[in-house]
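# Residue-level structure breakdown
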Amino acid sequence: MTLDTIVEEIQKANSIVLLAHESPDGDAIGSVLAMGIALENMGKKPDRIIKEYPRRFAFLPGADKVKEASDIEKYDLAIALDCSDLRRLDGKEYFENARKTIVIDHHSTNTMYGDINFVNPVAPACCEILIGIFTYFELEINHDLGTCILTGIITDTGGFKYQGVTPETFEFTAELLRKGINVSEIYEKVLETRTKSNFELMKRILNRMEVLEDGKVTFTYMTNQDVKEVNAEPGDHEGLVEIGRGIEGVEVSIFIRQDEDESKYKISMRSNNNVNVSKICYLFGGGGHPRAAGCLIQGTLEQVKDKILSEVKKAL
Ligand code: 5GP
Ligand code: MN
């Protein structure tokens, strides 16, 4: 049983590093922090490495323990969380140099790049998989662990509203409420509060938004120039792709943002009912989930827009 092997590897390891996908969202961060607390409760001293930690998640328990870098050669065990492939892993050098590797994830496009892979594509968040794992480890889900897990669930389900939500999602949340954990406060902090830069970006991307294909597709973008002008920090674009999808009649929302490497654009897509955006992103070397996916494409803004739109049109 994979979970027994995972426990064994954790117990054997003297040094453990926890990693997640680049441009980390609430699920990536919640998963790393929750696993960090869990391993500490098992008597381990894991390192959590996230190179660009978004300020809006600074309130989470264990956020102060996150490091940007460490000794690459040091680790007996690396655990990658919420990350579908090695290319997207923030700190992949730690993973590649670790003596043993574990992948825990919920992306259907996961490439099984660990020595041990625990992947459940039906789970609405990687954090939801962790509930089962921690229960198997016989760990109590206390306030801190519950807060980190709930953060991942709330962000990856858009606040309990996406189709992937399970009865367990609500049962877990109910259990946290029974334990006196302030679920509304966490919800408010992780989903309802915009940074000022996010708000400024939202105004810009709304102004530029085009409604195409008889109202079935929205397209908008942001550039590095926008990032500079509104003083955006990592994570400030989070959630903007959702706006297009919320418009009546829209099936696919496309949001692209310029990469640090100016000749590339990061695509974020959402769909409502029929189009599997993960399949489209997969064509460009990316992936994700049927209703939320992403990829990185080389080219000018116009070229990238044409490439992605032509695939979306075929899928409509
Ligand atoms: P977002 O649009 O919020 O950045 O990402 C949506 C979903 O697609 C997330 O589950 C994210 O992990 C996944 N995703 C985004 N970009 C990529 C990518 O380049 N490759 C893969 N495999 N998954 C991605
Ligand atoms: Mn996730």
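The structure this text deals with has already been given above.
Residues numbered from 1 in each chain as written. Chains lettered and ligands numbered in written order. Predicted model: local features only at pLDDT ≥ 70, side-chain atom pairs only at ≥ 80, totals over all residues. Heavy atoms only, no water.

So, about the coordination of the manganese ion (ligand 2). Taken together, Asp-27 (OD), Asp-82 (OD), His-106 (NE2) and Asp-156 (OD) make up the protein donors of the manganese ion (ligand 2), found 2.2 to 2.4 Å from the metal. Along the chain, the residues donating to the manganese ion (ligand 2) are arranged with the sequence spacing D-x54-D-x23-H-x49-D. Remark: Asp-156 occurs in helix α5 (residues 143–156) and Asp-82 occurs in the loop between β4 (77–81) and α3 (92–97); sequence separation between them is 74 residues. Here Asp-82 matches Asp-156 in class, with each residue buried. (Donors = N, O, S within 2.8 Å, 3.2 Å for Na, K, Ca; no water. Helix = DSSP H or I, 4+ residues; strand = E, 2+ residues; numbered from the N terminus. Buried < 20%, exposed > 50% of the residue type's maximum accessible area, 1.4 Å probe, protein only.)

Attention shifts here to the site of ligand 1. For ligand 1, the set of nearby residues contains 15 residues, the closest of which are Ser-84, His-107, Lys-266, Ser-268 and Arg-270. A distance of 3.1 Å separates an oxygen atom of ligand 1 from a polar atom in the side chain of His-289. With the chains in place, 91% of the 500 Å² that ligand 1 exposes on its own is no longer accessible. Secondary structure elements with two or more residues in the shell around ligand 1: β10 (264–271), β11 (287–289) and β12 (292–298). A total of four residues in the shell around ligand 1 trace back to one element, the largest contributor, which is β12. Residues belonging to the shell around ligand 1 are distributed by class as follows: three nonpolar, eight polar and four charged. The residue makeup of the shell around ligand 1 includes at least three contributed by each of domain 1 (2–191) and domain 2 (196–315). (Near = heavy atom within 4 Å. Polar contact = N/O pair within 3.5 Å; in protein donor to acceptor, adjacent residues only side chain to side chain. Areas by Shrake-Rupley, 256 points an atom, 1.4 Å probe, with all protein chains shown as cover. Nonpolar A, V, L, I, M, F, W, Y, C, P; charged D, E, K, R; others polar. Domains from an automatic or database assignment.)

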